[in-house]
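Summary of the model geometry
Each chain, written out:
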Amino acid sequence: MEYARPDALVSTEWLAARLDAPDVRVVDGSFYLPAQKRDPKAEFAQQHIPGAVFFDIDEIADTTSPLPHMLPPPDKFSSRVRRLGLGDGNKIVIYDTTPMTGACRVWWMFRAMGYKDVAILNGGLPKWMNEGRPVTDDPTPPRERHFTARLNNALVRSVDDVFGLIDSKREQIVDARAANRFRGEVPEPRAGLRGGHMPGAFNLPYNELLDPATGTVLPADKLAARIAASGIDPSKKVTASCGSGVTACVIALGLYLTGAPEAAVYDGSWTEWGGRADTPIVTGP
């Protein structure tokens, strides 16, 4: 069984054969939570796939917002991306070191900005390196390119949108956090947030869509089965949420690959919802 929309992924073999292709641009979208005490930019400087540039989701963000790495306005996105040498006519391939979380966020950001020719390296840098493929510490001097950003509002949801969805049930809310966080049984990693989930939300922990041995996305049949087992109706649109809008994008990728309607991401996610006093929260399964 093949993915319904395979264009969102490329294999390590595919990329290795095209590293020198003039229209392929490689992007490292690695991201860590503060508690992990790792610096993705410093790690990128030490080793990356040849020709790659680093995409910092905390800097290419709406830095006026008190919430972390919120989607920036289209003009800021396009100016930052142009400076990285990413532009119209490029096939952009994103990887990360985790694997898949930061890369999925960057993939979703490009799609939210209307850019379609973007894919994720399946298995990321760990799979690439396990196969003995090349890495370098050489910086990539970017040549500025023209980039057109057009915000696709169908892929982004705000806190007010989610209030509306709880009442209307027009879209399914799917929470990508671990089950014990969803149920409110353990404290949130970010201080000051209430525990639990939005009324009516489904729980689909993002890591359950990945093969733990290889860090790749589950094969198409297992991916569809896992999504169905969560109770989601794959024919209905989903708004995905998580801790801060990163792992929700793994849910968006999984649904995209199965041919489901393209998911939106609640950008503020639990950092916003759990941090407010006026948002309804339930605990338990």
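Residues numbered from 1 in each chain as written. Predicted model: local features only at pLDDT ≥ 70, side-chain atom pairs only at ≥ 80, totals over all residues. Heavy atoms only, no water.

1. Quick word on the overall build of the chain
Across its full length, the chain holds 10 helices and 10 strands. Counting only C-alpha atoms and orienting by the principal axes, one finds that the chain spans roughly 50 × 45 × 35 Å. The burial tally for the chain puts 52% of its 285 residues in the buried class. Total accessible area on the chain stands at roughly 12,300 Å², and carbon and sulfur atoms take up 52% of it. (Helix = DSSP H or I, 4+ residues; strand = E, 2+ residues; numbered from the N terminus. Buried < 20%, exposed > 50% of the residue type's maximum accessible area, 1.4 Å probe, protein only. Areas by Shrake-Rupley, 256 points an atom, 1.4 Å probe, with all protein chains shown as cover.)

2. Regarding the UniProt feature "domain: Rhodanese" (unreviewed entry) in the chain
Mapped onto this structure's residue numbering, the UniProt feature "domain: Rhodanese" (unreviewed entry) falls at residues 20-137 and 167-282. Along residues 20-137, the helical share is 31% and the strand share 14%, with 17 Å between the first and last C-alpha atoms. In this annotation, residues 167-282 is assigned 28% helix and 11% strand; the end-to-end C-alpha distance for the span is 15 Å. (UniProt positions renumbered as here; feature names shortened; annotations may be inferred.)

3. Some remarks on the environment of Ser 30
Of note, Ser 30 is situated in the loop between β2 (24-28) and α2 (40-46). Residue classification places Ser 30 among the buried residues on the basis of a relative accessible area of 4%. With 62 residues separating them along the chain, Ser 30 and Ile 92 place their C-alpha atoms 15 Å apart. For Ser 30, the residues in contact, after removing those within four places along its chain, are Pro 40, Phe 54, Tyr 95, Asp 96 and Thr 97. Within polar-contact distance, the side chain of Ser 30 engages the side chain of Asp 28 at 2.7 Å. (Contact = heavy atoms within 4.5 Å. Polar contact = N/O pair within 3.5 Å; in protein donor to acceptor, adjacent residues only side chain to side chain.)

4. Description of the pairing of β2
Counting buried residues along β2, 5 of its 5 residues qualify, which places the element largely inside the surrounding structure. Neither face of β2 is exposed, since Val 24, Val 26 and Asp 28 on one face and Arg 25 and Val 27 on the opposite face are all buried. Across 2 bridges, the pairing between β2 and strand β3 (residues 53-54) is parallel. In the strand pairing of β3, Asp 28 is matched with Phe 54. (Pairing = 2+ DSSP bridges.)

5. Topic: the packing of aromatic side chains
For the structure on display, the rule yields 11 aromatic pairs. Between Phe 77 and Phe 110 the ring centres are 5.2 Å apart and the planes differ by 80°, which places this aromatic pair in the edge-to-face class. Placement of Phe 77 in helix α3 (residues 74-83) and of Phe 110 in helix α4 (residues 101-112) is noted, with a sequence separation of 33 residues between them. Accessibility expressed as a relative area gives 0% for Phe 77, which makes it buried. Between Trp 107 and Tyr 256, the aromatic rings sit 5.5 Å apart at their centres with planes inclined by 75°, giving edge-to-face as the arrangement. One end of the pair, Trp 107, is in helix α4; the other, Tyr 256, is in helix α9 (residues 248-258), with 149 residues separating them in the sequence. (Phe/Tyr/Trp six-rings, centres within 6.5 Å; stacked < 30°, edge-to-face > 60°.)

6. Description of unusual backbone geometry
For residues other than glycine, phi is negative in most cases, and the peptide bonds are mostly trans. The phi dihedral of Lys 37 is positive, around 50°, even though this residue is not glycine. Its place among the elements puts Lys 37 in the loop between β2 and α2. Positive phi, close to 55°, is recorded for Lys 169, a residue that is not glycine. Given a relative accessible area of 57%, Lys 169 falls into the exposed group.

7. With respect to the pairing of strand β7 (residues 172-175)
By the alternation rule, side chains of β7 split into Gln 172 and Val 174 and Ile 173 and Asp 175, which are all buried. The pairing of β7 with strand β9 (residues 238-241) spans 4 bridges and is parallel. Within β9, the position partnered with Gln 172 by the bridge is Val 238. Pairing analysis gives 2 bridges linking β7 to strand β8 (residues 202-203), with the strands arranged parallel. In the sheet register, Val 174 faces β8, and the bridge partner there is Phe 202.

8. A short note on the packing of α4 against α9
Interaxial distance between α4 and α9 falls to 8 Å at its minimum, and their mutual angle equals 70°. It follows from the interaxial angle that α4 and α9 lie roughly perpendicular. You can see that α4 and α9 cross each other, and the crossing is left-handed. Contacts between α4 and α9 pair Thr 101, Cys 104, Arg 105, Trp 107, Trp 108 and Arg 111 from the former with Cys 249, Val 250, Ala 252, Leu 253 and Tyr 256 from the latter. Taken together, the residues that form the contact of α4 with α9 break down as 8 nonpolar, 1 polar and 2 charged. (Axes fitted to C-alpha atoms, helices over the stretch in contact; angles between N-to-C directions. Parallel < 35°, antiparallel > 145°, perpendicular 65-115°, else oblique. Left-handed = near helix turned anticlockwise from the far one by under 90°. Nonpolar A, V, L, I, M, F, W, Y, C, P; charged D, E, K, R; others polar.)

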